[in-house]
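Observations on the three-dimensional arrangement
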Amino acid sequence: MADQLAPALDDLPDRVRLAMLPTPFPVGAVNCWLFAERPVTVVDPGMYLPESLQMFEDLLASEGLAVSDVDQVLLTHAHPDHFGAAGWITENSAATVFCGTAERDKVIDTPMDRDLALAVVSDLGLPDDVIAVLPAGFEMLRQMIRHPLPARVEPLEDGDTFDAGGRTWSVHVTPGHAQGHVSLHDPAADVLVSGDHLLPHITPNPALEIDATVEGGRRHSLVEYLANLDRFAELDAAAVLPGHGPAFADVPGLVATMHHHHERRADRILELIDGMGQPSVYEIAQVMFPTLDGMGVMLGISEVVGHLDLLERSGAVLRSSDTPVLYTAA
Ligand SMILES: [Zn+2]
């Protein structure tokens, strides 16, 4: 879904600086926010790519700063486009890296449970030839990431406060796009740093997240995401600084649009299941997103599986216990 879903702001809040750093992903540039006063704080430093690092240094230089001046790095979540350069900053400064507790393992590179991941993608119905290209994709991503040392990474919890840019921010940890996704709200100035939880032009992808503690081995990302959406509508911040796209306003309008979008997409998937009989997640994704390939296949998979979780919760579909898992209309 790519349109302007919320009205862009012409001006940024006072003393907030932005660099739009390049990524190789379909989403395009990632927003890096700088609060230049002490403690010098960077939100989402982008990827470990030469062009991106140069733009990051240019952003700091525009405020008379160098990488060695960075005191704090706030990671909204541990996706490569947002956190890849974090380790490089800590190698060149005394900065502390902050992230949601549930993101910490990804930030410091705790090895993932490959057997569980393989079981999950097999349940989703990915054919062997598609599964076979995934390790190369992950390896390519690893080249664009420098992980910080564990001792430099501090976890944040929902309800914590965080001081940066002369403000005391309230920390909102809301699972969905990522389990430990952090947003910052400044109640005094009514500014929200939203990461990828709220974006002005696309609905955040309910990224597939492996989790051994959940039945089926993966989190129900879209269910969790939607459960946490309304609290941001209630905050109704005057200025939202997102992870991608322009700063914007009207969160209640955006939230209403997103609820509507997800209901329509779930309806569409239910129609497809009706027509297909007993499809797997992969088979539905192939019909809905036929042009995705390589790692992009996983974006379509997570969209479909997210909506299937919603449909299953509402009792509209039934899930088989086969491998791959098959869905039927109830
Ligand atoms: Zn992102």
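Description of the structure in this document. (Residues numbered from 1 in each chain as written. Predicted model: local features only at pLDDT ≥ 70, side-chain atom pairs only at ≥ 80, totals over all residues. Heavy atoms only, no water.)

Let's shift gears to the coordination of the zinc ion. Tetrahedral coordination by four donors sets the ideal angle at the metal to 109.5 degrees; octahedral coordination by six donors sets it to 90 or 180 degrees. Within the protein, the zinc ion binds to His82 (NE2), Asp196 (OD) and His244 (NE2); these donor distances fall in the range 2.0 to 2.1 Å. Read from N- to C-terminus, the donor residues coordinating the zinc ion fall into the pattern H-x113-D-x47-H. Of this pair, histidine 82 sits in helix α2 (residues 80-83) while aspartate 196 sits in the loop between β10 (191-195) and α7 (221-227); the two residues are 114 residues apart in sequence, bridging distant segments of the chain. The pair histidine 82 / aspartate 196 is uniform in exposure class, with both members buried. (Donors = N, O, S within 2.8 Å, 3.2 Å for Na, K, Ca; no water. Helix = DSSP H or I, 4+ residues; strand = E, 2+ residues; numbered from the N terminus. Buried < 20%, exposed > 50% of the residue type's maximum accessible area, 1.4 Å probe, protein only.)

On the secondary structure map, valine 251 appears in helix α9 (residues 251-276). Given the relative accessible area of 0%, valine 251 is considered buried. Spatially, the C-alpha atom of valine 251 lies 34 Å from that of glycine 64, the residues being 187 residues apart in sequence. Leaving out residues up to four positions away in the same chain, valine 251 has contacts with Leu198, Phe232, Ala233, Asp236, Ala237 and Val240. (Contact = heavy atoms within 4.5 Å.)

Packed helices, taken two at a time, are described by their axes: the angle between them and the distance between them. With their axes 9 Å apart at the nearest point, α9 and helix α11 (residues 296-313) run at an angle of 90 degrees to one another. Comparing their axes, α11 and α9 come out roughly perpendicular. Facing His262, Arg265, Ala266, Ile269, Leu270 and Ile273 of α9, the residues of α11 in contact are Glu303, Val304, His307, Leu308 and Leu311. For the contact of α9 with α11, a count of residues per class yields seven nonpolar, two polar and two charged. (Axes fitted to C-alpha atoms, helices over the stretch in contact; angles between N-to-C directions. Parallel < 35°, antiparallel > 145°, perpendicular 65-115°, else oblique. Nonpolar A, V, L, I, M, F, W, Y, C, P; charged D, E, K, R; others polar.)

Our focus in this paragraph is the pattern of salt bridges. All told, the structure shown has 16 salt bridges when counted by the stated rule. For lysine 106, the salt bridge goes to glutamate 103, with nearest N and O atoms at 3.0 Å. By relative accessible area, which is 28% here, lysine 106 ends up partly exposed. The closest approach of N and O atoms between aspartate 158 and arginine 231, which form a salt bridge, is 3.1 Å. Here aspartate 158 is found in the loop between β6 (153-156) and β7 (161-164), whereas its partner arginine 231 is found in helix α8 (residues 230-235), with 73 residues between them in sequence. Note on arginine 231: relative accessible area 27%, which makes it partly exposed. In this structure, a network of salt bridges that share partners links the residues Arg38, Asp69 and Asp71. (Salt bridge = Lys/Arg side-chain N within 4 Å of Asp/Glu carboxyl O.)

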